[in-house]
Structure formats: C-alpha cells, structure tokens
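One letter stands for each residue in the lines below.
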Amino acid sequence: LLRRTGQLISGLVDEAGNHMKGGRKELAIKCLREGLRYSRWNPLLGGQLRAQIGILLYASNDLDGAIRELEKSTKRMWE
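Throughout what follows, the structure given in this document is the object of discussion. Because the structure is predicted, anything quoted here is derived from the model rather than measured.

## A few points about the overall build of the chain
Item 1. Across its full length, the chain holds 4 helices and 0 strands.
Item 2. Reading the secondary structure of the chain in the N-to-C direction produces α-α-α-α.
Item 3. Here the chain has a C-alpha radius of gyration of 12 Å; the compact-globule value for 79 residues is 12 Å, and the two agree.
Item 4. Counting only C-alpha atoms, the chain reaches 35 × 30 × 20 Å along its principal axes.
Item 5. Among the 79 residues that make up the chain, the fraction classed as buried is 33%.

Below is the structure:
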C-alpha cells in the first residue's frame, strides 16, 4: 500500500516540480494539495507535503498561509 501511494505521490511531486520550473507556483501548490488525500494511507506524508506547501507559500510572500501550513507540518524538514 505504501509503495502504491508512493508512486501516485511521485507523479504529483514531479508535476509540481515542472510547474515550479515554469514559474507557476499556484499550480504547484494545487498539485501538492491533491496529494494530501493520500496521507491517510501513509502517516508521514501529510506533514511532508504541508511543509513543502508552506515553503512555497512563504516564497510567494503569503506569510499567513505559510504559517498555517507550517504549523501543521512535520518538524523534521530541513528547509
């Protein structure tokens, strides 16, 4: 089950990376938020995705949104 959700998430993360390369932060955040639905099958996934979303929101100067996401994220992300 973890392997199957990992494959689904890797596709979403790759798509988000492509959006970031194109300068489309909103679409990258949307892709990462879609991955949150798989967090009930992978217990560590939700915190990691929320940390990445928070980092993207911080980079786009949405400080309130970044704080909300980073408070829900895992504390182990090095960024």
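## Structural notes on the environment of leucine 70
Item 1. With respect to the helices, strands and loops of the structure, leucine 70 is situated in helix α4 (residues 63-72).
Item 2. Relative accessible area serves as the criterion here: at 34%, leucine 70 is assigned to the partly exposed category.
Item 3. C-alpha separation for the pair leucine 70 and arginine 50, spaced 20 residues apart in sequence, amounts to 6.5 Å.
Item 4. Each residue touching leucine 70, except ones within four places of it in the same chain, is listed here: Ala51, Gly54, Ile55 and Lys75.

## Overview of the pattern of salt bridges
Item 1. In total, this model carries 2 salt bridges according to the counting rule given.
Item 2. Arginine 33 is paired through a salt bridge with glutamate 69; the nearest N and O atoms lie 3.1 Å apart. Of this pair, arginine 33 sits in helix α2 (residues 25-34) while glutamate 69 sits in helix α4, and the two are 36 residues apart along the sequence.
Item 3. Exposure remark for glutamate 69: the relative accessible area of 7% places this residue in the buried category.
Item 4. Of the charged contacts in the structure, one is a salt bridge between arginine 50 and glutamate 69, with a shortest N-O distance of 3.0 Å. Of the two residues, arginine 50 is situated in helix α3 (residues 45-59) and glutamate 69 in helix α4; the sequence distance between them amounts to 19 residues.
Item 5. Three or more residues are tied together by salt bridges with common partners; here these are Arg33, Arg50 and Glu69.

## Considering the nonpolar core
Item 1. Within the largest apolar cluster, 15 residues are counted, with the highest numbers of intra-cluster contacts made by Ile9, Leu32, Leu49 and Ile53.
Item 2. Per element, the largest residue contribution to this core is 5 residues, and it comes from α3.

## Some points on the packing of helix α1 (residues 2-21) against α2
Item 1. Here α1 crosses α2 at 170°, and the two axes come no closer than 8 Å. It follows that α1 is roughly antiparallel to α2 by the angle criterion. Of α2, the residues touching α1 (which contributes Leu12, Val13, Glu15, Ala16, His19 and Met20) are Lys25, Leu27, Ala28, Cys31, Leu32 and Glu34.
Item 2. Partitioning the contact of α1 with α2 into residue classes produces 8 nonpolar, 1 polar and 3 charged.

Conventions we followed
- Residues numbered from 1 in each chain as written.
- Predicted model: local features only at pLDDT ≥ 70, side-chain atom pairs only at ≥ 80, totals over all residues.
- Heavy atoms only, no water.
- Helix = DSSP H or I, 4+ residues; strand = E, 2+ residues; numbered from the N terminus.
- Rg over C-alpha atoms; globule rule 2.2 N^0.38 Å.
- Buried < 20%, exposed > 50% of the residue type's maximum accessible area, 1.4 Å probe, protein only.
- Contact = heavy atoms within 4.5 Å.
- Salt bridge = Lys/Arg side-chain N within 4 Å of Asp/Glu carboxyl O.
- Core = buried A, V, L, I, M, F, W, Y, C linked by side-chain atoms within 4.5 Å.
- Axes fitted to C-alpha atoms, helices over the stretch in contact; angles between N-to-C directions.
- Parallel < 35°, antiparallel > 145°, perpendicular 65-115°, else oblique.
- Nonpolar A, V, L, I, M, F, W, Y, C, P; charged D, E, K, R; others polar.

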